[in-house]
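# Fold and contact review
Here is what each chain is made of, one letter per residue.
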Amino acid sequence: MSEFFFYLFAAVLILASLSVVLARNPLYNVLSLVVAIFSLSCLFVLLEAFFVGMILLLVYAGAVLVFFLFVVMCLDLKTIALTTSQQNRYGWLGWIVGLSFVSLFYLGTQSFIKAQTLGVSSIRGTIENIGQILFTDYLLPFELTSLLLLIAIFGIVSLAQGVLSSGKEVDT
């Protein structure tokens, strides 16, 4: 029965991730991202990494994506139609991003195959182990992430105050 739910949430995650990238409306992008994070959290819970699954759900779907949704609703983004010459101008950038994605996907696949040959790890995803690793080995990235979230909060508040105080839309 758990295999059924694993494949169900994996399929929902793939479809929601594609919708994040392919949807034209920014509001649909953010809502699809909420569904993708919920599906990913369910996959972590199925893999018995309860702490990671709940933190992913609470922090990202509960806080960060609410900020994204708030920004999208405040900015009132409009779709811009690009001409063919404008689209071709950024073609090389698309090729670079695509090739780097394929190369990173290849490296990730090789790492996964190598990890499968090592066998089962004795380290479990308990709160104590995650906290120990997070506050020793990954302290700098953890603090930089919190600083980035703080800056995002200040940006959202300043955007909202600018819209509310002037009564006009913010030009982007």
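Everything discussed here concerns the structure shown above.
Now for a quick tour of the structure. (Residues numbered from 1 in each chain as written. Predicted model: local features only at pLDDT ≥ 70, side-chain atom pairs only at ≥ 80, totals over all residues. Heavy atoms only, no water.)

### Re the overall build of the protein chain
Scanning the protein chain from terminus to terminus reveals seven helices and zero strands. Across the protein chain, helices and strands are ordered from the amino to the carboxyl terminus as α-α-α-α-α-α-α. When the 172 residues of the protein chain are sorted by exposure, 13% land in the buried category. Counting only contacts in the protein chain whose residues sit at least 6 apart along the sequence, the fraction spanning at least 24 positions is 57%. With an accessible surface of roughly 13,600 Å², the protein chain has 73% of that area assigned to carbon and sulfur atoms. (Helix = DSSP H or I, 4+ residues; strand = E, 2+ residues; numbered from the N terminus. Buried < 20%, exposed > 50% of the residue type's maximum accessible area, 1.4 Å probe, protein only. Contact = heavy atoms within 4.5 Å. Areas by Shrake-Rupley, 256 points an atom, 1.4 Å probe, with all protein chains shown as cover.)

### Section: the packing of aromatic side chains
Here the structure, examined in full by the defined rule, presents five aromatic pairs. Geometrically, the ring pair formed by Phe5 and Phe9 is stacked, given 6.4 Å between the ring centres and 25° between the ring planes. Of the two residues, Phe5 and Phe9 are both situated in helix H1 (residues 2–22); the distance of four residues between them amounts to about one turn of the helix. For the ring pair Phe6 and Tyr7, a centre distance of 5.6 Å and an interplane angle of 75° mean the geometry is edge-to-face. (Phe/Tyr/Trp six-rings, centres within 6.5 Å; stacked < 30°, edge-to-face > 60°.)

### Examining a nonpolar patch on the surface
Judged by side-chain polarity, Met1, Phe4, Phe5, Phe6, Tyr7, Leu8, Val12, Val35, Leu46 and Leu47 come together as a nonpolar surface patch covering roughly 970 Å² of accessible area. Of all the secondary structure elements, the ones that give two or more residues to the nonpolar patch are H1 and helix H2 (26–46). The exposure class assigned to Phe5 is partly exposed, which follows from its relative accessible area of 31%. (Patch = residues over 30% accessible without salt bridge, like charges linked within 9 Å, V, L, I, M, F, W, Y side chains within 5 Å. Salt bridge = Lys/Arg side-chain N within 4 Å of Asp/Glu carboxyl O.)

### Section: unusual backbone geometry
You will see that Glu48, though not glycine, has its phi angle at about 65°, which is positive. Turning to its location among the elements, Glu48 is positioned in the loop between H2 and helix H3 (50–75).

### Details of H1
The terminal C-alpha atoms of H1 lie 30 Å apart, and with 21 residues this matches the ideal 30 Å at 1.5 Å per residue to within 8%. On its buried face, H1 sits against H2. (Expected span 1.5 Å × (residues − 1).)

### Looking at the side chain of Ser41
Residue position: Ser41 is located in helix H2. Discounting chain neighbours no more than four positions away, the residues touching Ser41 are Gly53, Met54, Leu56 and Leu57.

### Concerning the packing of H2 against H3
Close contact between H2 and H3 brings their axes to 8 Å; oriented N to C, the two are set at 175°. Taken together, the axes of H2 and H3 are roughly antiparallel relative to one another. Along the lines of polarity and charge, the residues of the contact of H2 with H3 split into 22 nonpolar, two polar and no charged. (Axes fitted to C-alpha atoms, helices over the stretch in contact; angles between N-to-C directions. Parallel < 35°, antiparallel > 145°, perpendicular 65-115°, else oblique. Nonpolar A, V, L, I, M, F, W, Y, C, P; charged D, E, K, R; others polar.)

### A look at the side chain of Ser39
Residue position: Ser39 is located in helix H2. The class for Ser39 is buried, based on a relative accessible area of 1%. In this view, Ser39 contacts Phe9, Val12 and Leu13; residues no more than four positions away in its chain are not counted.

### Comments concerning H3
Helical periodicity: at 3.6 residues per turn, an α-helix aligns residues three or four positions apart in one direction. Between its first and last C-alpha, H3 extends 36 Å over 26 residues, near the 38 Å set by a 1.5 Å rise per residue. Burial in H3 covers these residues: Gly53, Leu56, Ala61, Val64, Leu65, Val72 and Leu75.

### Quick word on the environment of Leu8
The residue Leu8 is located in helix H1 in this model. It is 9.0 Å that separates the C-alpha atoms of Leu8 and Ser39, two residues lying 31 residues apart in sequence.

### Some words on the packing of H1 against H2
Helices that pack against each other are described as a pair by the angle of their axes relative to one another and the distance between those axes. Running from N to C, H1 and H2 cross one another at 155°; their axes reach a closest spacing of 8 Å. Overall, the two elements H1 and H2 adopt an arrangement that is roughly antiparallel. Two packed elements cross with a definite hand, and for H1 against H2 that hand is left-handed. Taken together, the residues of H2 that come into contact with H1 (itself represented by Ser2, Phe5, Phe6, Phe9, Ala10, Val12, Leu13, Ala16, Ser17, Ser19, Val20 and Val21) are Asn29, Ser32, Leu33, Val35, Ala36, Ser39, Leu40, Cys42, Leu43 and Leu46. Among the residues forming the contact of H1 with H2, the class breakdown is 16 nonpolar, six polar and no charged. (Left-handed = near helix turned anticlockwise from the far one by under 90°.)

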